[in-house]
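The chain contents come next:
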Amino acid sequence: MDIAPNQVIRLIQNGQTDKALRSAAIWKCLSCFTCSSRCPQQVACAEVLDALRRLAAEKGVAAGGESRTLIFHNAFLHNIRRNGRLNEIELIGLFKTRATLADADLSFLFKDASLAPALRRKKKLHLAPGGVRDRELVRRIFQRCGA
Amino acid sequence: MAIGYYPGCALHGSSNDYEQSVRACLKVLGAELKELDDWICCGATAAHSLNEKLSVALPARNLALAERDGLDELLAPCPMCSMELMKAAKEIAADNRLRDEMASIVELPVTGRTKILNLIQLLERFDLKPSKPLDGIIAACYYGCLLTRPAGIVNFDDPEAPSSMETIVARLGAKTVSWNYRTECCGAGKTLCDEDTVLELSHKILTDARRHGANCLVVACPMCHVNLDMKQAAAGRRYGVDHDLPVYYLSDLVGMAMGLAPEELGVDRHFVVRLHHG
């Protein structure tokens, strides 16, 4: 993290929200809730980081270097909107394609491909997993949430 | 009585070894699972990072399905799912306006009365008398992040010094070790988008477990398993060590202690496989 969660909170207190929104820290965050759980002032730091991510994504000011996380989250939600449940192959395909285009780094596209045979052997790879029956409903839920 | 079951996407995807383990383990314990009909994804980190309303609505749809089908309790073996379901249930139960809004979004009434259980909470209910005590196992019990956090939402065990897994594992006749990384995060869902972080954290967790004398790790989370088992070789290559530490789901150990063969629990489908200890 370029700045620690408590420093993110301090930036906001000092009126420097814009700097917090552009920090890499909000995208590096793992949402593990350690900061919220250990804050001596009971500040809900992790929840604040969530709010900053939403604002940064909305305003299009996400830090460049950490954009892979944002690309991943967007690809994930796109996938759920389409299928109702996660289709891993489809998610990996979309995320890798978008991230490769964003970084112009072709090696990223095939970086994990070597795991595929082992995953297949261990019956962990599903080319056509079952989705939900009522996919239209899932789309309506997304629409009503403005997603 | 049957317990409602919310598998979540991971257990129906590449973590289907966890589903095999949970199902086999609970069957041998005599618990009957009723899978939630037409469940949808809980939204996970992506939803709460990008759209707050959606992060309540997706779990709310599942809570509404459970209420409609008369399931008072729902087992969610993935801590990401269980935390999201618990959070939505708590928020909806406390706020009439949100309850009405969610009912219209998910097209079913929802009150948030469903009790959500993680795997440990369900296993704690059973009188675990091992028919095959786990003599050779010296386990480092690993909780990670969302089993015990946020404490105000999950209301389970102690977020700084948890003990529920050690209690169960000890009852199975295995030894447990005291170590430092029990509640550190493994990188969770960042496996694909920030692998460097995942490998660094996994390496630290595996190293500390080994240093304190463990011969295996025990987890109750599909993402922990991916980062510590599937990614173990990559973490080892990155840092020039061979960790060689099998990672079991808690249900694997319970099942094996109850006499199931490792293969029946899907243990042979892990990446780091050791079928016999001792």
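Residues numbered from 1 in each chain as written. Chains lettered and ligands numbered in written order. Predicted model: local features only at pLDDT ≥ 70, side-chain atom pairs only at ≥ 80, totals over all residues.

Some details on helix α13 (residues 250-257) of chain B
Part 1 of the argument: With eight of eight residues buried, α13 of chain B lies mostly within the body of the structure.
Part 2 of the argument: Here the buried face of α13 of chain B lies against α2 (16-29), α7 (119-123), α9 (164-171), β7 (216-219) and β8 (247-249) of chain B. (Buried ≥ 20, exposed ≤ 12 C-beta atoms within 10 Å, placed from the backbone. Helix = DSSP H or I, 4+ residues; strand = E, 2+ residues; numbered from the N terminus. Contact = placed C-beta atoms within 7 Å.)

Thoughts on the domain arrangement of chain B
All names here are of chain B.
Part 1 of the argument: By the assigned domains, chain B splits into domain 1 (3-121) and domain 2 (130-269).
Part 2 of the argument: On a C-alpha basis, the centroid separation for the pair domain 1 and domain 2 is 23 Å.
Part 3 of the argument: Between domain 1 and domain 2, the residue contacts involve 25 residues of the former and 27 residues of the latter.
Part 4 of the argument: If you list the elements that add at least two residues to the side of domain 1 that touches domain 2, you get α1 (8-11), α2, α3 (44-50), α5 (79-93) and α7.
Part 5 of the argument: Here the side of domain 1 that touches domain 2 takes nine residues from α2, the largest share from any one element.
Part 6 of the argument: Taken together, the residues of the side of domain 1 that touches domain 2 break down into 16 nonpolar, six polar and three charged. (Domains from an automatic or database assignment. Nonpolar A, V, L, I, M, F, W, Y, C, P; charged D, E, K, R; others polar.)

Details of the domain arrangement of chain A
Part 1 of the argument: Per the domain assignment, the segments making up chain A are domain 1 (5-62) and domain 2 (65-144).
Part 2 of the argument: Here domain 1 of chain A and domain 2 of chain A have C-alpha centroids that lie 26 Å from each other.

Examining the confidence of the model for chain B
Part 1 of the argument: For chain B, mean pLDDT is 97; residues scoring 70 or higher make up 99% of the total.
Part 2 of the argument: Two numbers describe this predicted complex: its pTM, 0.96, and its ipTM, 0.96. (pLDDT = per-residue confidence, 0-100.)

Here's the deal with the pairing of β7 of chain B
Residue and element names in this part refer to chain B.
Part 1 of the argument: Neither face of β7 is left uncovered, since the one carrying Cys216 and Val218 and the one carrying Leu217 and Val219 both have all their residues buried.
Part 2 of the argument: Pairing analysis gives three bridges linking strand β5 (residues 138-141) to β7, with the strands arranged parallel. Bridge assignment links cysteine 141 to a residue of β7, and that residue is valine 218.
Part 3 of the argument: In the sheet, β7 pairs with β8 via three bridges, with the strands oriented parallel. (Pairing = 2+ DSSP bridges.)

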